[in-house]
Amino acid sequence: MKRLKISIVTPVYDDWESLAQLINEIILLFNKHNRFSIERIIVVNDGSKTEPPAFILENSIVSIVHLATNLGHQRSIAIGLCYAKNNLRQSDYVVVMDSDGEDQPKDIIKMLECAVIKKSTIIFAKREKRSESILFKLNYLIYKRIFKLLTMSEINFGNFSVIPFFKLKNIISNPDTWNHYSSSIIKSKMKYTTTPTSRGKRYFGKSKMNFSNLVTHGLSSI
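Residues numbered from 1 in each chain as written. Predicted model: local features only at pLDDT ≥ 70, side-chain atom pairs only at ≥ 80, totals over all residues. Heavy atoms only, no water.

Visitor: Would you explain the overall build of the protein in this entry?
Guide: Secondary structure summary: the protein contains eight helices and seven strands in total. Each of the 222 residues in the protein was classed as buried or not, and the buried ones make up 52%. Sequence-distant contacts, at least 24 apart, represent 78% of the contacts inside the protein between residues at least 6 apart. (Helix = DSSP H or I, 4+ residues; strand = E, 2+ residues; numbered from the N terminus. Buried < 20%, exposed > 50% of the residue type's maximum accessible area, 1.4 Å probe, protein only. Contact = heavy atoms within 4.5 Å.)

Visitor: In this structure, what is going on with the packing of aromatic side chains? I would like to understand it.
Guide: Any aromatic ring pair is given by two values, namely how distant the centres are and how the planes are angled relative to each other. According to the stated counting rule, one finds two aromatic pairs in the structure shown. Summarising the aromatic geometry, the rings of phenylalanine 124 and tyrosine 181 are spaced 5.8 Å apart at their centres and angled 45° between planes, so their arrangement reads as tilted. Within this pair, whereas phenylalanine 124 is found in strand E5 (residues 122–129), its partner tyrosine 181 is found in helix H7 (residues 181–188), the two being separated by 57 residues in sequence. By relative accessible area, tyrosine 181 is classed as buried at 0%. With 6.1 Å between their ring centres and 85° between their planes, phenylalanine 124 and tyrosine 192 make a pair best called edge-to-face. Of the two residues, phenylalanine 124 is situated in strand E5 and tyrosine 192 in strand E7 (residues 192–198); the sequence distance between them amounts to 68 residues. (Phe/Tyr/Trp six-rings, centres within 6.5 Å; stacked < 30°, edge-to-face > 60°.)

Visitor: Could you clarify how one ought to interpret unusual backbone geometry in this entry?
Guide: Residues other than glycine predominantly adopt negative phi, and peptide bonds predominantly adopt the trans conformation. One non-glycine residue, aspartate 14, lies in the positive phi region at around 50°. A positive phi is found at lysine 119, a non-glycine position, where the angle reads about 60°. Looking at where lysine 119 falls in the secondary structure, it is placed in the loop between helix H4 (106–118) and E5.

Visitor: Whenever I open this one, the confidence of the model for the protein confuses me. Can you help?
Guide: The predicted coordinates of low-pLDDT regions are not to be read in fine detail. For the protein, the mean per-residue pLDDT works out to 87, and 82% of the residues sit at or above 70. Taken element by element, the protein is modelled with least confidence in helix H8 (residues 211–221), mean pLDDT 56, and with most confidence in strand E4 (residues 93–96), mean pLDDT 98. (pLDDT = per-residue confidence, 0-100.)

Visitor: What should I look at first to understand the pairing of strand E2 (residues 36–45) in this one?
Guide: Regular strands show a simple pattern: their side chains alternate between the two faces of the sheet. With nine of its 10 residues buried, E2 lies for the most part within the structure. In this structure, strand E1 (residues 4–12) lies alongside E2, joined through nine bridges in parallel fashion. The residue of E2 that forms the bridge with lysine 5 is serine 37. Crossover connection from E1 via helix H1 (residues 16–31) to parallel E2: handedness right-handed. As judged from the five bridges shared by E2 and strand E3 (residues 62–66), these two strands associate in the parallel manner. Note that in E3 the partner of asparagine 45 across the bridge is histidine 66. (Pairing = 2+ DSSP bridges. Right-handed = clockwise from strand over helix to strand, strands pointing away.)

Visitor: Which parts of the structure should I look at to understand the side chain of arginine 202?
Guide: Counting through the fold element by element, arginine 202 comes out in the loop between E7 and H8. A polar contact is formed between the side chain of arginine 202 and the side chain of aspartate 100, at a distance of 3.0 Å. At a separation of 3.0 Å, a polar atom in the side chain of arginine 202 contacts the main-chain carbonyl oxygen of phenylalanine 204. (Polar contact = N/O pair within 3.5 Å; in protein donor to acceptor, adjacent residues only side chain to side chain.)

Visitor: Honestly, the pattern of salt bridges in this entry has me stumped. Any pointers?
Guide: Pairing is possible between side chains that carry opposite charge, provided their charged atoms lie close to one another. A complete count under the given rule lists six salt bridges for this structure. The partner of aspartate 100 in a salt bridge is arginine 202, with the nearest N and O atoms 3.0 Å apart. Taken together, the positions of aspartate 100 in the loop between E4 and H4 and arginine 202 in the loop between E7 and H8 put the pair 102 residues apart, joining distant regions of the chain. The class of arginine 202 is buried, set by a relative accessible area of 18%. (Salt bridge = Lys/Arg side-chain N within 4 Å of Asp/Glu carboxyl O.)

If you want it as structure tokens, here you go:
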């Protein structure tokens with residue numbers, strides 16, 4: 001059986017310790033899997049003030065896209081997808097995920113298996129369990145209700161997703177992608193579905209998604 005090749009796009013901002021842990025887990029995951037192999041991990045350095053460690057710089061499967069200034073999570077994802085489209089030719093699927101551990105590497109295989117069955121469908125991770133505080137969960141619930149009220153669409157997933165490689169051209173040519181990746185997929189009417197996952201806990205440090213960031217993120221998605 002042919003092993004399908006996978007590339008991963010992950011933004012990072014001054015969180016190299018978590019990224020190193022993520023890379024280690026991804027390598028271990030794919031080394032013991034006989035259906036999927038990792039082609040490239042595309043790290044989008046979103047204007048970090050610190051330098052990546054040697055382990056990351058010298059890793060042969062890692063490509064780092066350095067941004068001159070901080071553009072934010074969504075634009076970093078869009079740039080990473082552009083890089084994948086323009087520089088990778090052998091990948092069958094591209095995974096979009098956070099680098100802090102909240103998107104769990106073990107769920108990648110589950111999502112990929114769903115993508116293989118669903119063929120030309122984008123697979124998003126639907127959170128069955130969340131690890132944030134009760135206040136954050138309440139605010140997130142309010143955001144989802146407002147989103148549905150104003151857009152007549154439901155959003156119950158984030159950025160963690162698996163994209164068939166041939167879909168990248170349509171995604172990166174959509175100007176909405178640069179504002180909010182997951183909402184742009186909903187608006188574009190491209191085929192997508194969700195698979196249940198549990199949100200993991202950060203490897204190190206604290207989440208940068210506070211209330212004001214959530215409001216900004218919510219307005220962008222709407």
